[in-house]
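# Notes for the structure review
Take a look at the letters that make up each chain.
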Amino acid sequence: MSDLTTDRLVLRSWPAGEVSAVVAGGSRFPHWAEDFPAEGDRVIAGFIAGHPGTPGPYGQRQIVERATGLVVGSVGLFPPADGTIEFGYGIVPSRRGRGYASEAARAIAAFALTAPDIHTVSARVELSNPASARVLEKAGLTRVSADAGTALFQATAPLPEPSPPSPQPAS
């Protein structure tokens, strides 16, 4: 699986040693943000460990901040069904509010839509998490349905132009 590079991020395959370290819960690597892995990253590492050989052209990736080289989250595609592929994402709390989630979501969605036989990319968000819904909107997805607890967002190729970036708070 090749890396995907955006203006500020690199989305790269999880190295096997890092998957093992996250699953085991003990070791830390110096190129991880101080709050990586978050709970979602642990779930993804467990998924990778439990499904060896399934990534193919899809799969899970770490989100690396280009400016620092630190791993700040994860994003990934799940095996497709009927021309639709679903993805999920997460950014550690220390890096939220910088637009990284939208940047990573847009990159993985655009990549997914280049795969043969894929015409739709989708993601689900908890209705109790409006910030995550905004991430998907900024990434070019549209809300298409909802139930009592979640909303489904989708996009088809080509993705619309990205929303203009929001002003970043001073650090």
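For clarity, every value in this text was computed on a predicted model and none was experimentally measured.

### Considering the overall build of the protein
In terms of helices and strands, the protein carries 4 helices and 8 strands. In the protein, the succession of helices and strands from N to C terminus is β-β-α-α-β-β-β-α-β-α-β-β. Put simply, the protein has 171 residues, and 42% of those count as buried. Restricting the contact set of the protein to residue pairs at least 6 apart, pairs at least 24 apart contribute 61%.

### Observations concerning the nonpolar core
Generally speaking, a soluble globular protein has its nonpolar side chains buried in company with each other. Counting residues in hydrophobic clusters, the biggest one holds 48 residues, and the most contacted among them are L11, F36, I63, F87, V121 and L141. Ranked by residues supplied to this core, first place goes to helix 3 (residues 100-112) with 8 residues. Leave out the neighbours within four places in its chain, and I63 touches L9, V10, L11, L70, V71, V72, G73, S74, V75, G90, I91 and A104.

### Side note on the side chain of R61
Of note, R61 is situated in strand 3 (residues 59-65). There is no salt bridge for the buried R61, and the closest opposite charge comes from D3, which lies 5.4 Å off by N-O distance. For R61, the side chain forms a polar contact with the main-chain oxygen of S2, separated by 2.5 Å.

### Let's talk about the sheet that holds strand 4 (residues 71-77)
Taking strand neighbours across the sheet as the criterion, the 8 strands line up as 1-2-3-4-5-6-8-7 in an open arrangement whose pairing is mixed. Strands with a single pairing partner mark the edges of an open sheet, and in this sheet they are strand 1 (4-5) and strand 7 (142-146). Two elements, strand 1 and strand 2 (residues 9-13), share 2 bridges in a ladder whose sense is antiparallel. Looking at the pairing, T5 lines up with V10 of strand 2.

### Overview of unusual backbone geometry
Cis geometry marks the peptide bond from F36 to P37, where omega comes out at 5°. Note that P37 resides in the loop between helix 1 (16-24) and helix 2 (39-50). Positive phi, normally seen in glycine, also occurs at D82, with a value near 55°. Mapped onto the elements of the fold, D82 is located in the loop between strand 4 and strand 5 (84-91). The phi dihedral of D117 is positive, around 70°, even though this residue is not glycine. Within the fold, D117 resides in the loop between helix 3 and strand 6 (120-126). Residue classification places D117 among the exposed positions, given a relative accessible area of 71%.

### Details of the packing of helix 1 against helix 2
Where helix 1 contacts helix 2, the axes come no closer than 9 Å and their chain directions differ by 120°. On the basis of the axis angle, helix 1 is oblique to helix 2. When you trace helix 1 past helix 2, the crossing you get is left-handed. Here V19, V22 and V23 of helix 1 lie close against helix 2, whose contacting residues are D41, R42, A45, G46, I48 and A49.

### A look at the packing of helix 3 against helix 4 (residues 130-138)
Packing of helix 3 against helix 4 leaves a shortest axis separation of 8 Å and a crossing angle of 50°. As judged from the angle between their axes, helix 3 and helix 4 are oblique. Handedness of the helix 3/helix 4 crossing: right-handed. Across the interface between the two elements, A101, S102 and A105 of helix 3 pack against R134, V135 and K138 of helix 4. When grouped by side-chain class, the residues that make up the contact of helix 3 with helix 4 number 3 nonpolar, 1 polar and 2 charged.

Scoring rules and cut-offs
Residues numbered from 1 in each chain as written. Predicted model: local features only at pLDDT ≥ 70, side-chain atom pairs only at ≥ 80, totals over all residues. Heavy atoms only, no water. Helix = DSSP H or I, 4+ residues; strand = E, 2+ residues; numbered from the N terminus. Buried < 20%, exposed > 50% of the residue type's maximum accessible area, 1.4 Å probe, protein only. Contact = heavy atoms within 4.5 Å. Core = buried A, V, L, I, M, F, W, Y, C linked by side-chain atoms within 4.5 Å. Lys, Arg positive; Asp, Glu negative; His and termini not counted. Salt bridge = Lys/Arg side-chain N within 4 Å of Asp/Glu carboxyl O. Polar contact = N/O pair within 3.5 Å; in protein donor to acceptor, adjacent residues only side chain to side chain. Pairing = 2+ DSSP bridges. Axes fitted to C-alpha atoms, helices over the stretch in contact; angles between N-to-C directions. Parallel < 35°, antiparallel > 145°, perpendicular 65-115°, else oblique. Left-handed = near helix turned anticlockwise from the far one by under 90°. Nonpolar A, V, L, I, M, F, W, Y, C, P; charged D, E, K, R; others polar.

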